[in-house]
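One letter stands for each residue in the lines below.
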Amino acid sequence: MSWVTEVWGARAIVYSGTTKKDNLRVAILAYSTRNGDIPHRVVYGRLGWIKLNDEWRYLTGSGAIGKDGLDTSIQVDMGGGHMAKYGLPAPPTQEQLKTDVAILKDLLEICPNRKEIGAVLLACIARAPLGECHPTDFAVFVHGQTGSLKSSVTAIALGFFGGFDARSFPANFSDSDSDLEGKAHQAKDAVFIVDDFKPATNQVEATRLHTKTERFIRNTGNQAGRGRRNPDMTTKPAPYNRSLTIMTGEDMPKGQSILARMLVLELCRNDVNIATLSRLQQAAHDGVLMRIMAGYILWLAAQLDTLKEAFPTDVREYRDMTLKEGQLNSHSRAPEMHANMVAAVFQLRQYLDSQNLSGLIDKDAIEHALLAAFKAQAEYQAEQDEVETFADLIRSVLSSGHGYIALAQNQSPPAKHPHRYGWRKTEGDIGPTYTPLGDCFGWLWGKDGEDWQIWLEPKTAYRLAVDNARRSGEPFLMGSGTLWRRMDNRGLLLEVEKQKNGTSRKDPKKTIAGVRTRVIVVAENWLLPTSDALEEGNEDEKS
């Protein structure tokens, strides 16, 4: 009964007492008189497809678009804030559409020297309304330094779904976890932008930001929300991302598995054609972009039942074709994401062809541009590869003097280039000697003419790598067991110990200075790759 005070203010008084509110509620229901039944209305709090009276309709802020056009009698309330800007007009007439769709060429040319930017944005626009046909389990991340116009560019894609601009995004990374998940759940079958992933001012804030982003991206990739319970142990709703999400930021989320759920695009200063961007922004302001989307949705509504079977089939066929040709190998998810975008562009082209507007979209050129975008993803995957990160951390441990590697036979410094293994040269009365720095975490073993091995002491090597990462401000979060298994899966472990039950231990026993010790066996030339300079020798080390 809190509505009494909210609506009536001081004009109505509900007296105190444990039963007064309940008695008032019963009295209102029992004694109020009206002509006929108490009126009621249905108000939807989300976007996207819904089946009403056996007909597919697309909910938008202004009503619902079905095969017969926009029905404004259907009410949609997206709540306060910028979420209220979602809304589409009535679909365009044939003459309007002929004029409007010319702007799509500008979208494809927004970055003249980076065709993949416009191609990805167009694919996102085409793919978002198809979420009912096939779940959207990936996101797009656009990053670049301040001044690269990343917010302005991504706002164009959002402008197809409502009256948005670069200053009115529906969400940003300062939102709470629950608010972010709730709004992404509301924005079903639409583009949804989360803005401003940027470096934090301290380590605590940085960790919180990366944790929030990881949870949201996993929520998207797994199509599952966080399970929660009420005090009485009944289940709370678990909203998950049902939109096609585009994120922007100056930094990037960390973790190879997180990047595998996203397509990453980098925008540099001078990439964007300002004149083209201005025309697109004007078109968004004039409602041209929203009219194009309204027409596309009108066309989809008439055949959505067919597309719910045909579109997933198209995605699988494009994916299998990409896999067969071996064009994308950055991650197993990349061919699926690429296939989703290509299949969506095909549907948009089908729509334009049905309106006698063929030739506006060059499918082959867009496919080529999309392929280039996904091939560039391999570089980001390599940067976030935990196995390679571990190797880099170990190299840093050696160079910074926090650990060293000794000969397995006698714990002495390696004969060649001892400084590479964490030893430092000192001059004494009896001549130069080499002193180890930090903790011993591994041993060098081999013979001249053979490939040398490094035997890592698992606990010490892992601890030193983690400590080194923490000092650098970028924690290494993968567990040691998972790390050794990843290395084994890549064939980096030269030796494992077979068990009677058919499994294998990643840390076989080796004899080091007469003591049997469990170690991780890797190739020296993988962990410490040589250079021409080292092969030629170092004058400082000659004795």
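Within each chain, residue numbers correspond to sequence positions counted from 1 in written order. Only residues with pLDDT of at least 70 get local features here, since the model is predicted, and only at 80 or more are side-chain atom pairs given and counted; chain-wide, interface and lining totals rely on the full set of residues. Processing note: side-chain calculations cover all non-hydrogen atoms of the structure and skip hydrogens and water entirely.

Draft legend 1. Region of the structure containing the overall build of the protein chain. Every helix listed is a DSSP run of H or I at least four residues long, and every strand listed is a run of E at least two residues long, numbered separately from the N terminus. For the protein chain, the helix and strand inventory stands at 19 helices and 21 strands. Throughout, radius of gyration means the C-alpha value; the globule benchmark is 2.2 Å times the number of residues raised to the power 0.38. Relative to its length of 543 residues, the protein chain is extended, with a C-alpha radius of gyration of 30 Å against a globular reference of 24 Å. With respect to the principal axes defined by its C-alpha atoms, the protein chain has extents near 110 × 70 × 50 Å. Burial here depends on accessible area, computed with a 1.4 Å probe over protein chains only, as a share of the maximum for the residue type. Under 20% is buried, over 50% is exposed, and the range in between is partly exposed. Out of the 543 residues in the protein chain, the part that is buried amounts to 49%. By definition in these notes, contact holds between two residues if any of their heavy atoms fall within 4.5 Å. When contacts within the protein chain are restricted to residue pairs at least 6 apart in sequence, those whose partners lie at least 24 apart make up 69%. Exposure was quantified through the Shrake-Rupley algorithm and a 1.4 Å probe, taking into account, for residues, occlusion by the shown protein chains and nothing else. About 27000 Å² of surface is accessible on the protein chain, with carbon and sulfur atoms providing 49% of the total. Of the charged side chains in the protein chain, 65 are positive and 68 negative, and the gap between their average positions amounts to 6 Å. Counted as positive: Lys and Arg. Counted as negative: Asp and Glu. His and the chain ends are not counted at all. Charged groups are reduced to one reference atom each: NZ for lysine, CZ for arginine, CG for aspartic acid, CD for glutamic acid.

Draft legend 2. Seen up close, the sheet that holds strand S8 (residues 171-172). In this scheme, strands are said to pair when DSSP sees at least two bridges between them. Ordered in space as S8-S9-S10-S7-S11, the five strands form an open sheet in which the pairing is parallel. The sheet terminates laterally at S8 and strand S11 (262-266), the two strands that pair on one side only. The pairing of strand S7 (residues 139-143) with S11 spans five bridges and is parallel. Bridge pairing links histidine 143 to glutamate 266 in S11. Axes here refer to lines fitted to C-alpha atoms; in helices the fit is confined to the stretch in contact. Angles between the N-to-C directions go from 0 to 180 degrees. Sitting on the sheet, helix H6 (residues 150-158) is in contact with S7, strand S9 (191-197) and strand S10 (244-249), with an inclination near 165 degrees to S9.

Draft legend 3. Representation of the pattern of salt bridges. Throughout this description, the term salt bridge denotes a Lys or Arg side-chain nitrogen within 4 Å of a carboxyl oxygen of Asp or Glu. With the rule as written, the count across this model stands at 36 salt bridges. Arginine 490 serves as the salt-bridge partner of aspartate 385, at 2.5 Å between the closest nitrogen and oxygen. In this pair, aspartate 385 is assigned in the loop between helix H14 (363-383) and helix H15 (386-400) and arginine 490 in the loop between helix H17 (480-489) and strand S17 (497-498), connecting sequence segments 105 residues apart. We classify aspartate 385 as buried; its relative accessible area is 8%. A relative accessible area of 38% places arginine 490 in the partly exposed class.

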